[in-house]
Amino acid sequence: QQQVKQSPQSLIVQKGGISIINCAYENTAFDYFPWYQQFPGKGPALLIAIRPDVSEKKEGRFTISFNKSAKQFSLHIMDSQPGDSATYFCAASIGTSGSRLTFGEGTQLTVNP
Amino acid sequence: SAVISQKPSRDICQRGTSLTIQCQVDSQVTMMFWYRQQPGQSLTLIATANQGSEATYESGFVIDKFPISRPNLTFSTLTVSNMSPEDSSIYLCSVEGSHTEAFFGQGTRLTVV
């Protein structure tokens, strides 16, 4: 059973545009929601994370929006750049452990110059 | 942040053989995690390895197939036993940082022929 569902599977955006990736979860016990960025041949790297006590978190061009009642969260990449082209994974975990993670299926983002 | 080194970075193995993957961390950590990333897919947690105790395996993964050692607080190994082509994946080591974020190694790309 896939506990974290991610969409879209792939996304193409023009440089300067906004990239939006969505995730939905089923387990209401999840209380930590990170986003990871993965380049080919590399391990995933933490981009930004949120806990359910806030509805939005912004770090630079990256924003997480969180809707607890809908059990959904999304990643917005403002002013998308070709260097943002990568695979993005949402994830979720329970408690303080950020490493026992359940991942979404991933979104391959391509930003065209 | 934690720096994680995995060896080997890639390997091609014959079916029926076993491969041991090493994970070295530059600082002492309580828990280490092993994930599998099948081609073009998401990451799935295999097991959690604590120093001085047996590893805890996730549903669908068993110790006979994926034995894990954790001899000290900076090192762990994952063995993929009696390999078949279905075991072809990227295997990733992960540790939890001081603020619950997860750090990943660069992964071991395994191809079974």
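Structural data are supplied above this passage.
Caption draft 1: Expanded view of the side chain of B:Thr74. Residue and element names in this part refer to chain B. Take threonine 74: it is sitting in the loop between β7 (68-72) and β8 (75-80). A polar side-chain atom of threonine 74 sits 3.2 Å from a polar atom in the side chain of glutamine 24. In contact with threonine 74, other than residues within four places in its own chain, are Cys23, Gln24, Val25, Ser27, Gln28 and Met32.

Caption draft 2: Representation of the side chain of A:Gln6 within the structure. All names here are of chain A. For glutamine 6, the location among the structural elements is in strand β1 (residues 4-7). Only 3.0 Å separates the side chain of glutamine 6 from the backbone nitrogen of glycine 106, close enough to count as a polar contact. Residues within four places of glutamine 6 in sequence aside, it is in contact with Ile21, Asn22, Cys23, Trp35, Tyr88, Phe89, Cys90, Gly104, Glu105, Gly106 and Thr107.

Caption draft 3: Up close: the packing of aromatic side chains. What the rule picks out here adds up to 16 aromatic pairs over all chains. Aromatic side chains A:Phe33 and A:Phe66 sit 4.8 Å apart centroid to centroid with 45 degrees between the ring planes, which places their arrangement in the tilted category. Placement of the pair is A:Phe33 in strand β4 (residues 33-38) and A:Phe66 in strand β7 (residues 62-67), with a sequence separation of 33 residues. The buried category is assigned to A:Phe33, whose relative accessible area is 0%. Note on B:Tyr35 and B:Phe104: the rings are 5.4 Å apart at their centroids and 55 degrees apart in plane angle, and the pair reads as tilted. Highlighted residues: B:Tyr35 in strand β4 (residues 31-37) and B:Phe104 in strand β10 (residues 102-104), separated in sequence by 69 residues. Here B:Tyr35 matches B:Phe104 in class, with each residue buried.

Caption draft 4: Structural context of the interface of chain B and chain A. Facing the 20 residues of chain B at the interface are 19 residues of chain A. Both sides of the chain B and chain A interface together cover about 1,400 Å² of buried area, and 50% of this is carbon and sulfur. Seen at the junction of chain B and chain A, the total is one salt bridge. Residues A:Arg100 and B:Glu58 are paired through a salt bridge, measuring 2.9 Å at the closest nitrogen-oxygen approach.

Caption draft 5: Structural context of the sheet that holds strand β6 (residues 56-59) of chain A. Residues and elements named next belong to chain A. Pairing within the open sheet is antiparallel, and its five strands lie in the order β1-β3-β8-β7-β6. At either margin of the open sheet sits one strand with a lone partner, and together these are β1 and β6. Going across the sheet, the axis of each strand differs from the next one's by a mean of 15 degrees, ignoring polarity. Here β7 pairs with strand β8 (residues 72-77) via six bridges, running antiparallel. Considered in β8, the bridge of serine 65 is made with serine 74.

Parameters at a glance
- Residues numbered from 1 in each chain as written.
- Chains lettered and ligands numbered in written order.
- Predicted model: local features only at pLDDT ≥ 70, side-chain atom pairs only at ≥ 80, totals over all residues.
- Heavy atoms only, no water.
- Helix = DSSP H or I, 4+ residues; strand = E, 2+ residues; numbered from the N terminus.
- Polar contact = N/O pair within 3.5 Å; in protein donor to acceptor, adjacent residues only side chain to side chain.
- Contact = heavy atoms within 4.5 Å.
- Phe/Tyr/Trp six-rings, centres within 6.5 Å; stacked < 30°, edge-to-face > 60°.
- Buried < 20%, exposed > 50% of the residue type's maximum accessible area, 1.4 Å probe, protein only.
- Buried area = accessible area lost by both parts, 1.4 Å probe.
- Salt bridge = Lys/Arg side-chain N within 4 Å of Asp/Glu carboxyl O.
- Pairing = 2+ DSSP bridges.
- Axes fitted to C-alpha atoms, helices over the stretch in contact; angles between N-to-C directions.

No statement about biological role is implied by the geometric values presented.
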